[in-house]
Amino acid sequence: MTGSCLFVSSHSFLQTNYRIMLIRHFGSIAACTARITSSHSLLLQNKRLMATNIDYTVGLNEEQVAFQQVATDFSRKEILPHAHKWDQQKIFPSDVLQEAASLGFGGVYVKDDVGGSGLGRKDAAIIFEALARGCVSTTAYLTIHNMCCWMIDEFGTEEQRKQWLPELCSMEKFASYCLTEPGSGSDASSLQTKAELRGDMYYLTGEKAFISGGGRSDVYLIMARTGGSGPKGISCFIVPKESEGISYGSQLDKLGWNSQPTAPVILENCKVPKENMLGMVGMGFKIAMQGLDGGRINIGTTALGGAAECLELAADHISSRKQFGRTLDQFQYLRFKIADMATELTAARLLVFQAAEMYDEKHPARTMHCAMAKRFATDVGFNICNNSLQMHGGYGYIKEYSPERYLRDVRVHQILEGTNEIMKHIISRSVLGE
């Protein structure tokens, strides 16, 4: 759509590009306004796609309901029908990701002057949860890309923001986050990749492990050691894919997350211009950790998207499957199991939304609450997917049915962005005032 479009809204924070996105999606200003101002009709439409009566719009304002609906529609039409194929054939759906970016999902919380949507973390959580109901793996990569975009937007110079973010927000280029190394996982500040300054160039040497988008992404945010040991000796660099001295290991054969490539990133005197340092010398670990706080919200909410879909699948299955002369939903054990799944899903969503709001407010306890949200939501998400598979019986174990794919994809959410054991360490240290 070109030209000027005005959108009737009672909330001034809705960015112009998102107004245009909503109009594009719904087809006209009138249709868009009708959808936004009637959350009840949205709920009724969504219920036709669901086996339960859970209202996923509770606690959302009108714009957030609209974001959720756009993401849900996109997920149902463009992601879910293809997710099985992407998983089985290990297809990275770059074209679908670029379509998602055209709706504003490539830079959800990036400022709008460089092509971002300028939204908050709760808005993003709502969007990513809805997208993950179609495919957790694909949406998880999208959240990592968004994290990288935010890091450049938040810590980059104006020149860096204008150079990198327009193409990243449109997903003409893809981004990857590079912190973990073969010898430094949970102990991230012990990383060994070195960056040596010679003239106007830094030379990076080392290896990054388990990199989502490795070998496929166009831009890599790489943490490397410019100083002594510990976190204060680490700096962050924006490294283009075509840089001299960068190469990529073999694609990893994974349990899940098969719709996104994952490979080591190998640096052998990789030449990076001095002006590609993100932030100041020694700020890299701080940048990486602030990125991870937001990333933990994203990983939690995408796990819940998969869990929500598995809850619906389980409810649908037990409502139609008969054993011993009656449908499975007539057995009290399974009814109570559904009740527990729904309760825990709702509680986890509230914890994620609270952490997202605290992140935007720069609340001093946000790191602890992001860790709480990530730990609880990913554990709950996996358990719901596992229970859904169990309720499907033998069918749940067959790849023709979806629960096993969601289970495989959400399992890694208990590991990455800091293991759930590390989340407990962060939480306990904060609670005890250490």
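The shown structure was predicted, so the numbers you read here are calculated from the model rather than taken from an experiment. (Residues numbered from 1 in each chain as written. Predicted model: local features only at pLDDT ≥ 70, side-chain atom pairs only at ≥ 80, totals over all residues. Heavy atoms only, no water.)

Each helix and strand counted, the protein chain has 13 helices and 10 strands in total. Sorting the 434 residues of the protein chain into buried and exposed places 56% on the buried side. Sequence separation of 24 or more characterises 74% of the internal contacts of the protein chain that already satisfy a separation of 6 or more. Looking at the protein chain as shown, the accessible area adds up to about 18,100 Å², and 52% of this sits on carbon and sulfur atoms. (Helix = DSSP H or I, 4+ residues; strand = E, 2+ residues; numbered from the N terminus. Buried < 20%, exposed > 50% of the residue type's maximum accessible area, 1.4 Å probe, protein only. Contact = heavy atoms within 4.5 Å. Areas by Shrake-Rupley, 256 points an atom, 1.4 Å probe, with all protein chains shown as cover.)

On to unusual backbone geometry. At Phe210, a position not held by glycine, the phi torsion is positive, near 55 degrees. A relative accessible area of 59% means that Phe210 is categorised as exposed. In the Ramachandran plot, Asn269 falls in the positive-phi region, its phi being about 50 degrees despite a non-glycine side chain. The residue Asn269 is located in strand E7 (residues 262-273) in this model.

A probe as big as a water molecule, rolled over the atoms, marks out the empty space that is left. Its boundaries defined by the atoms lining it, the largest pocket holds a volume of some 1,200 Å³. In this structure, the largest pocket is lined by 44 residues; those nearest its centre are Thr180, Ile415, Leu416, Glu417 and Gly418. Mapped onto the lining of the largest pocket, the elements with two or more residues apiece are helix H7 (136-155), strand E1 (175-178), strand E3 (201-212), helix H9 (284-320), helix H11 (366-391), helix H12 (403-411) and helix H13 (420-431). Per-element accounting of the lining of the largest pocket gives the leading share, 7 residues, to H9. A class-by-class count of the residues in the lining of the largest pocket yields 22 nonpolar, 13 polar and 9 charged. (1 Å grid on protein atoms, 1.4 Å probe; cavity = no way out; pocket = protein on both sides within 12 Å on 5 of 7 lines; lining within 4 Å. Points joined across faces, edges and corners; volume = space filled by probe spheres on them. Nonpolar A, V, L, I, M, F, W, Y, C, P; charged D, E, K, R; others polar.)

Inspection of the sheet shows E3 paired to E7 by 9 bridges, in the antiparallel sense. If you follow Gly206 over to E7, its bridge partner there is Leu267. In the sheet, strand E6 (residues 246-248) pairs with E7 via 3 bridges, with the strands oriented antiparallel. When the bridges of E7 are listed, Ser247 appears paired with Ile266. (Pairing = 2+ DSSP bridges.)

Attention now moves to the side chain of His369. Along the chain, His369 turns up in helix H11. Taking the relative accessible area as the measure of exposure, His369 reaches 15% and is therefore buried. Beyond its immediate chain neighbours, meaning those up to four positions away, His369 contacts Gln354, Ala355 and Met358.

Function cannot be read off these values alone, since they describe shape.
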